[in-house]
Amino acid sequence: MTGYPLAVQKEIIEKSSVKIDTSLSYCHYTLHDRSLVTSDYMTFMKSRGIDVLNASPISMGLLSSQGPQTWHPAPEFLRSVCQEALQYCQDQGVDLARMALLFTLENEDIPTTFVSTPSRDMMLQNIACAEQGATPQEKAIIDHLFHHIFKQHGDLGWEGLEVLNYWTNLGKALTLQQLYPSHANISQ
């Protein structure tokens, strides 16, 4: 199962008569959001014999020097915290995406993490990162990123924002249609 907020996945599993073997969750174990482990999600899944697959340790580009795509649902505050982390990494001469990947891979309770990349070279860098692990300098930088930039804000994510934006925009469109029925396509 994938694509649902963690709480919704739990509810579906509790109510399902179908055996669910795996749960794929993206962006819920990163430097800015550790809700896979800070909630009871992993414990619940383990109690049900469900394997948890983690994805997008770089938060769909949010934790990279390129930054996220324009469609990325992260709120402005989270984007600004990630920019602070990026600046810190640049000052230290390291790549934020590498630090984010290393952070995620260090958690042995999450045995599977999916990473997507736009190029073969970046995939080879990710494989090397997984094989080599963090250097002592990188461990210190990751520690600083987590404890001094991200942790103070709790789990920062965007769960529910896309749905809220959808309903907000739909409500605006319906209001316009009611106010101006002769201009039914006014919101397009």
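It should be emphasised that the depicted structure is a prediction, and the values quoted were computed from it without experimental measurement. Each chain has its residues counted from 1, running along the sequence as written. Predicted model: local features are reported for residues with pLDDT of at least 70 only, side-chain atom pairs are reported and counted for 80 or more only, and whole-chain, interface and lining totals are derived from all residues. Calculated side-chain values reflect all of the structure's heavy atoms, with hydrogen atoms and water omitted.

(A) Looking closely at the overall build of the chain. Counting from the N terminus, the helices are DSSP H or I runs at least four residues long and the strands are E runs at least two residues long. When you go through the chain residue by residue, the secondary structure sums to eight helices and three strands. C-alpha atoms of the chain, sized along the principal axes, occupy 65 × 45 × 35 Å. Throughout, exposure labels follow a simple rule: accessible area from a 1.4 Å probe, protein chains only, divided by the maximum for the residue type, with under 20% read as buried, over 50% as exposed, and the rest as partly exposed. The buried share among the 188 residues of the chain stands at 36%. The criterion used for residue contact is that any of the two residues' heavy atoms lie within 4.5 Å. Residue pairs at least 24 apart in sequence account for 69% of intrachain contacts in the chain once pairs closer than 6 positions are excluded. Summed over its atoms, the accessible surface of the chain is roughly 11200 Å², and 53% of this surface lies on carbon and sulfur atoms. If you average the places of the 12 positive and of the 20 negative side-chain charges in the chain, the two averages end up 5 Å apart. Accessible areas in this description were obtained via Shrake-Rupley with a 1.4 Å probe; residue shielding takes into account the shown protein chains only. We treat Lys and Arg as the positive residues and Asp and Glu as the negative residues; His and chain ends play no part in the count. All charge positions are set by atom: Lys at NZ, Arg at CZ, Asp at CG, Glu at CD.

(B) Molecular detail of the sheet that holds strand E1 (residues 22-26). An order of E1-E2-E3 is seen for the three strands of this open sheet, with the pairing classed as parallel. For this open sheet the edge positions go to E1 and strand E3 (113-114), each flanked by a neighbour on one side alone. The pairing of strand E2 (residues 51-55) with E3 spans two bridges and is parallel. Bridged to Asn54 within E3 is Thr113. Strand pairing follows a simple DSSP-based rule, namely that at least 2 bridges must link the two strands.

(C) Highlighting the layout of surface pockets. Of the pockets and cavities examined, the largest pocket occupies roughly 620 Å³. If you go around the largest pocket, you meet 25 residues; those closest to its centre are Ile58, Ser64, Ser116, Pro118 and Met122. Buried and open spaces are told apart on a 1 Å grid over the protein atoms alone, a cavity being a set of points where a 1.4 Å probe fits but cannot get out and a pocket being an open set with protein on both sides within 12 Å along at least five of seven lines. Residues with an atom within 4 Å of a point are the lining residues. Grid points are joined across faces, edges and corners, and a volume is the space filled by probe spheres set on the points.

(D) Broad picture of helix H5 (residues 96-105). With eight of its ten residues buried, H5 lies for the most part within the structure. For H5, the complete set of buried residues consists of Leu96, Ala97, Met99, Ala100, Leu101, Leu102, Phe103 and Thr104. Buried residues along H5 sit in contact with E2, helix H4 (76-92), E3, helix H6 (120-132) and helix H7 (136-150).

(E) Inspection of unusual backbone geometry at higher detail. A positive phi angle, close to 55°, is found at Ser59, a residue other than glycine. Checked against the element boundaries, Ser59 lands in the loop between E2 and H4. On the basis of relative accessible area, Ser59 is assigned to the buried category, the value being 0%.

(F) Examining the packing of H4 against H7 more closely. Contact pair H4 / H7: the axes reach a minimum separation of 11 Å and the direction vectors enclose 150°. The angle between H4 and H7 falls in the class roughly antiparallel. Judged by the twist between their axes, the crossing of H4 over H7 is right-handed. Counting all contacts with H4, which are made through Val81, Cys82, Glu84, Ala85, Tyr88, Cys89 and Gln92, the residues of H7 involved are Gln137, Ile141, His144, Leu145, Ile149 and Phe150. Considering only residue class, the contact of H4 with H7 consists of nine nonpolar, three polar and one charged. To get an axis, fit a line to the C-alpha atoms, keeping to the stretch in contact for a helix; angles then go from 0 to 180 degrees between the N-to-C directions. For classification purposes, angles smaller than 35 degrees are called roughly parallel, those larger than 145 roughly antiparallel, those between 65 and 115 roughly perpendicular, and all remaining angles oblique. Left-handed is the label given to a crossing in which the near helix is rotated counterclockwise from the far helix by less than a right angle, and right-handed is the label when the rotation is clockwise. Each residue gets one label: Ala, Val, Leu, Ile, Met, Phe, Trp, Tyr, Cys and Pro are nonpolar, Asp, Glu, Lys and Arg are charged, and the others, such as Gly, are polar.

(G) Examining the packing of H5 against H7 more closely. Relative orientation of the contacting elements H5 and H7 amounts to 85°, with a least axis distance of 10 Å. The orientation of H5 relative to H7 falls into the category roughly perpendicular. Contacts from Leu96, Arg98, Met99, Leu102 and Phe103 of H5 reach H7 at Glu138, Ile141, Ile142, Leu145 and Phe146. Residues belonging to the contact of H5 with H7 are distributed by class as follows: eight nonpolar, no polar and two charged.

(H) Broad picture of the pairing of E1. The alternating pattern of E1 places Ser23 and Ser25 on a buried face, while none of Thr22, Leu24 and Tyr26, on the opposite face, is buried. By the bridge criterion, five bridges tie E1 to E2 in an arrangement that is parallel. Counterpart to Ser23 in the pairing with E2 is Val52.

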